[in-house]
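# Examining the three-dimensional arrangement
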Amino acid sequence: MTIEMLYSKIHRATVTDANLNYVGSITIDEELLEASKMRVGQKVEILNINNGERFSTYIILGERGKRDICLNGAAARKVHKGDKVIIVAYATYDEKELQSYKPRVVLLNDDNNIDDVVESI
């Protein structure tokens, strides 16, 4: 049996831009990707704290150190610059993998700088 579980999340990221005229995706700063162990092209769920929207997209690489969180294409209609979002990735684990299961949570401040990285829910 396998179970889909939280793999990683970036918590309370501030949207820095919403670009309607771009191929759909979410641009995430390279340092934030590394801290979260998320990957370019990975499917993620976006939870908008401000308006309750929940939607899926995929990750594209943002410039290291710029702290960009930009929703592109159709997803740009579901956020506004300055909104707080949670970026969630899931993975499928088998029973053996779950014995050492530790999801990664990256906590951000209002400027998208990392406040803490924890391995628990």
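Data block above holds the structure.
A quick note: this is a predicted structure, and the numbers were derived from the prediction, not measured.

## Let's talk about the nonpolar core
In summary, soluble globular proteins display a tendency toward joint burial of nonpolar side chains. Membership of the largest hydrophobic core comes to 29 residues, with the highest contact counts inside it found for Ile10, Ile26, Ile28 and Ile87. Broken down by secondary-structure element, the contributors of at least two residues to this core are strand S1 (2-14), strand S3 (25-29), helix H1 (30-36), strand S4 (43-48), strand S5 (54-62), strand S6 (69-72), strand S7 (84-94) and strand S8 (104-108). Here this core gets six residues from one element, more than from any other, and that element is S7. Each residue touching Ile87, except ones within four places of it in the same chain, is listed here: Ser8, Lys9, Ile10, Ala13, Ile26, Ile28, Met38, Val44, Glu45, Ile46 and Ile69.

## Considerations on the packing of aromatic side chains
Applying the stated criterion to the full structure yields one aromatic pair. Centre to centre, the rings of Tyr93 and Tyr101 are 5.2 Å apart; their planes meet at 75 degrees, and the pair counts as edge-to-face. Accessibility assignment for this pair places Tyr93 and Tyr101 in one class, buried.

Analysis parameters
- Residue indices follow the written sequence of each chain, beginning from 1 at its first position.
- The predicted nature of this model means local features are confined to residues of pLDDT at least 70 and side-chain atom pairs, given and counted, to a pLDDT of 80 or more, with totals for whole chains, interfaces and linings taken over all residues.
- By convention in this description, side-chain values take in all heavy atoms of the structure and omit both hydrogens and water.
- To define a nonpolar core, start from buried Ala, Val, Leu, Ile, Met, Phe, Trp, Tyr and Cys residues and group those joined through side-chain atoms within 4.5 Å.
- The rule is simple: take the accessible area with a 1.4 Å probe, protein chains only, and divide by the maximum for that residue type; under 20% is buried, over 50% is exposed, in between is partly exposed.
- The helix count covers DSSP runs of H or I at least four residues long, the strand count covers runs of E at least two residues long, and both are numbered beginning at the N terminus.
- Contacts: residue pairs with any heavy atoms within 4.5 Å of one another.
- Each pair of aromatic rings taken from Phe, Tyr and Trp, with Trp reduced to its six-membered ring, is defined by centres within 6.5 Å and is described as stacked if the planes are under 30 degrees apart, edge-to-face if over 60, and tilted in the remaining cases.

These results come straight from atomic positions and should not be treated as a statement about function.
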